[in-house]
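Coordinate analysis (summary)
For reference, the chains in residue letters:
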Protein chains: 2
Amino acid sequence: MKYPDWIALDTDRPEPRAWQMAEDRAQGAATALPAGGLGALAEPGGLVVACGPLAGILPAPLPRPVPAAPLPEALPLAEHQGVTLAAVPGLSAGTPALMTGAETRLAGFLALNPGWDGAVCLAGEETHWVQVSAGEAVSFQSSLIAPLRRAMAAETAPGPWDEGLFLEALDRTRSRPETLMSGLARIRAAERLGEAAPGAGLSQLDGLLIGADLAAAKAWWLGQPVAVITAREAIPAWSAAFSAQGVPALAAEEAAMTVAGLVAAWKRLG
Amino acid sequence: MKYPDWIALDTDRPEPRAWQMAEDRAQGAATALPAGGLGALAEPGGLVVACGPLAGILPAPLPRPVPAAPLPEALPLAEHQGVTLAAVPGLSAGTPALMTGAETRLAGFLALNPGWDGAVCLAGEETHWVQVSAGEAVSFQSSLIAPLRRAMAAETAPGPWDEGLFLEALDRTRSRPETLMSGLARIRAAERLGEAAPGAGLSQLDGLLIGADLAAAKAWWLGQPVAVITAREAIPAWSAAFSAQGVPALAAEEAAMTVAGLVAAWKRLG
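Read on for an overview of the structure. (Residues numbered from 1 in each chain as written. Chains lettered and ligands numbered in written order. Predicted model: local features only at pLDDT ≥ 70, side-chain atom pairs only at ≥ 80, totals over all residues. Heavy atoms only, no water.)

1. Observations regarding the overall build of chain A
Scanning chain A for helices and strands turns up nine helices and 15 strands. Considering only C-alpha atoms, chain A reaches an extent of 60 × 40 × 30 Å along its principal axes. Counting all 270 residues of chain A, 54% fall into the buried class. Counting contacts in chain A only where the partners sit at least 6 residues apart, residues at least 24 apart contribute 66% of the total. Charge-centre separation for chain A: the mean point of 18 positive side chains lies 3 Å from the mean point of 27 negative side chains. (Helix = DSSP H or I, 4+ residues; strand = E, 2+ residues; numbered from the N terminus. Buried < 20%, exposed > 50% of the residue type's maximum accessible area, 1.4 Å probe, protein only. Contact = heavy atoms within 4.5 Å. Lys, Arg positive; Asp, Glu negative; His and termini not counted. Charge placed at Lys NZ, Arg CZ, Asp CG, Glu CD.)

Okay, here's the thing in structure tokens:
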């Protein structure tokens, strides 16, 4: 390999994160992207393999339409701030739908589960439901819950996770998705009236949002193998949600799948 | 009247606003609440009649449970920063639900339409659907679309209102409310792929949100007289939304109803 030492960069999140890599292994935990950008992240002449929208760094490469393998056969290299950059393009669908970053987590998951046939739920800034067959993303549908979750979470008192309240709220929007926005108003009213236990509002919020997501994507998770890729702290909620539907879902951690996907991309540089 | 000159104050919005009043008439347009608070707003010994959560001013009075007339029989006076303050309490329901400010707009509407029997939709920071009979708010249900609208509107390109796109999006969530969050992801994808005309995203966003609101509150607007009280710029969208359902709805401007409601409160000071 021309670049045994390189930087893995994930820009598909409000705060981009980077890993120092030695061949296919991350050297320690992720770090934030320094204020100096790529030039401060890598040595001169070094390699950065990136996924995500690359906002403020470079224009992201054009997304590739599905059906497609999550990674292209070859990744073009670009020079930027004295650094060599290989950027993974996103995937698009005609709905329209767009993912920039989730395709890399999907590639990491498929590198570890090469025979996977079924649905993959990538729950991060957006939720992407992907139909996977023969190593390809055949089609996908997205939903947008993160901005709403952020706006609402600020109004709820922190506290312990309450799985009972979570599942009750989830069941409400999964069976009656029209109750999502009135459910949010109830959470807010309970907080303002001082009637909510600490942590109750956030448990219910996650239940309402994931329940609405399950209702919207029923065709994607019903009757086939499901894997969910999400942040470590969100895995219990998503696992409980699928269990409550009688769906045994694999769970994989978002950060680990991102690194695995960027490693798969790095191997295509030859 | 003891206080012929007074200040009307509405704190039920991200930026509170005030009107200089001469008896029952506003003297000019609303102004922002000065940084100095009440003491900078009114003369020493002057009167402020306020509605809303009063955040950062005083603890708001306890809300009154429905069924109830929108205004109490008498308003208690408090002293604050050398100013006399009369604060309108909110209304609560056991759902739980809470309005702080909308009850005053409802009082203004009922002062102008004393015989009203039917539903009133108060669409502001929250949407409150109120069942009104014999001058009382019998019950109400709320939904929370403003935080989501703000978070999403920042991602759409401004441009002219497109009523066709608005009604198409509205029909989608009204008939299939589970498509709300995937519809939001489509709007975002179209903007990021450069496929959205200026103004298209915002027209569709309002359609999805109002359609979801109509789906959640069907029992409130179907088969009875409906009045919608909202900001001037939102009246066309709400009017189009009700027309598309075959519901002839009265529309009244939020600011005018707020002033009328605060005048009704001022008259109860005796």
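2. Overview of helix α4 (residues 163-175) of chain A
What sets the pattern is the α-helix's 3.6 residues per turn: residues three or four places apart point alike. Under the 1.5 Å per step criterion, the end-to-end length of α4(A) is 18 Å for 13 residues, consistent within 8% with the ideal 18 Å. Contact partners of the buried residues in α4(A): α5 (180-192), α6 (200-216) and α8 (235-244) of chain A. (Expected span 1.5 Å × (residues − 1).)

3. Description of the pairing of strand β12 (residues 127-133) of chain A
Residue and element names in this part refer to chain A. Along β12, five of the seven residues are buried, which leaves the element largely enclosed by surrounding structure. What sits between the antiparallel neighbours strand β11 (residues 118-123) and β12 is a turn of three residues. Judged from the seven bridges that link them, β12 and strand β13 (residues 136-143) form a sheet pairing that is antiparallel. Across the sheet, residue Ser-133 finds its bridge partner in β13, namely Glu-136. Joining the antiparallel neighbours β12 and β13 is a turn of two residues, in which Ala-134 adopts a positive phi near 50°. (Pairing = 2+ DSSP bridges.)

4. Focus on the sheet that holds strand β9 (residues 91-93) of chain B
The strand order across the open sheet built from three strands is β6-β9-β10 (chain B), with neighbouring strands paired in mixed fashion. Looking at the sheet topology across the chains shown, the edges are occupied by β6 (64-65) and β10 (97-99) of chain B.

5. Description of the side chain of B:Thr258
Residue and element names in this part refer to chain B. The topology assignment puts Thr-258 in helix α9 (residues 254-267). Given a relative accessible area of 0%, Thr-258 falls into the buried group. Of note is the side chain of Thr-258, whose polar atom sits 2.8 Å from the backbone oxygen of Glu-254. Apart from residues lying up to four places away in sequence, Thr-258 is in contact with Asp-10, Arg-17, Trp-19, Cys-51, Thr-104 and Arg-105. (Polar contact = N/O pair within 3.5 Å; in protein donor to acceptor, adjacent residues only side chain to side chain.)

6. Considerations on the environment of A:Ala18
Residues and elements named next belong to chain A. With respect to the helices, strands and loops of the structure, Ala-18 is situated in strand β2 (residues 17-22). Residue class for Ala-18 comes out buried when judged on its relative accessible area of 1%. In this structure the C-alpha to C-alpha distance between Ala-18 and Val-48, which are 30 residues apart in sequence, comes to 9.2 Å. Those residues within four positions of Ala-18 in sequence are excluded, and the remaining contacts are Ile-7, Ala-8, Leu-9, Ala-29, Ala-30, Thr-31 and Leu-41.

7. As for the packing of aromatic side chains
All names here are of chain A. Here the structure, examined in full by the defined rule, presents twelve aromatic pairs over all chains. Each ring, one from Trp-129 and one from Phe-242, has its centre 6.2 Å from the other, and the planes form 75°; the classification is edge-to-face. With Trp-129 in strand β12 and Phe-242 in helix α8, this residue pair connects regions lying 113 residues apart in the sequence. Taking the centre distance of 4.7 Å and the plane angle of 45° together, the rings of Trp-161 and Phe-166 count as tilted. Through a chain of ring-to-ring contacts, three or more aromatic side chains come together here, namely Trp-129, Trp-238 and Phe-242. (Phe/Tyr/Trp six-rings, centres within 6.5 Å; stacked < 30°, edge-to-face > 60°.)

8. Looking at empty space enclosed by the protein
Enumeration over the complete set of coordinates arrives at two cavities of 30 Å³ or more. Lining the largest cavity we find A:Pro177, A:Glu178, A:Leu180, A:Met181, A:Ala212, B:Pro177, B:Glu178, B:Leu180, B:Met181 and B:Ala212. Contributions of two or more residues to the lining of the largest cavity are made by α5 of chain A together with α5 (180-192) of chain B. Partitioned by chemical class, the residues of the lining of the largest cavity number eight nonpolar, no polar and two charged. Around the second largest cavity, the lining residues are A:Ala185, A:Arg188, A:Ala189, A:Arg192, B:Ala97, B:Leu98, B:Glu126 and B:Ser142. Looking at the lining of the second largest cavity, the elements that each hand over two or more residues are α5 of chain A together with β10 of chain B. Among the elements that make up the lining of the second largest cavity, the one with the highest residue count is α5(A) (four residues). (1 Å grid on protein atoms, 1.4 Å probe; cavity = no way out; pocket = protein on both sides within 12 Å on 5 of 7 lines; lining within 4 Å. Points joined across faces, edges and corners; volume = space filled by probe spheres on them. Nonpolar A, V, L, I, M, F, W, Y, C, P; charged D, E, K, R; others polar.)

9. A word on the nonpolar core
The biggest cluster of nonpolar side chains holds 28 residues, and the ones touching the most others in it are A:Leu180, A:Met181, A:Leu184, B:Leu180, B:Met181 and B:Leu184. Breaking this core down by element, the ones donating at least two residues are α3 (146-153), α5 and α6 of chain A together with α3 (146-153), α5 and α6 (200-216) of chain B. (Core = buried A, V, L, I, M, F, W, Y, C linked by side-chain atoms within 4.5 Å.)

10. A word on the interface of chain B and chain A
The partner chain A presents 36 residues to the 35 residues of chain B that form the contact. Summed over both partners, the interface of chain B with chain A comes to about 3,000 Å²; 70% of that surface belongs to carbon and sulfur atoms. Three residues, B:Pro96, B:Leu144 and B:Met181, lead the burial of chain B against chain A; their summed loss comes to 21% of the area buried on that side. Applying the counting rule to chain B against chain A returns two salt bridges. Among the ionic pairs, B:Arg188 bridges to A:Glu126, the shortest N-O distance being 2.6 Å. Put simply, chain B and chain A have six residue pairs in polar contact (both at pLDDT 80 or more) between them. Only β10, β13 (136-143), α3, α5 and α6 of chain B provide two or more residues apiece to the side of chain B that touches chain A. For the side of chain B that touches chain A, the element with the highest residue contribution is α5(B), accounting for ten residues. In terms of residue class, the side of chain B that touches chain A is built from 22 nonpolar, seven polar and six charged. (Buried area = accessible area lost by both parts, 1.4 Å probe. Salt bridge = Lys/Arg side-chain N within 4 Å of Asp/Glu carboxyl O.)

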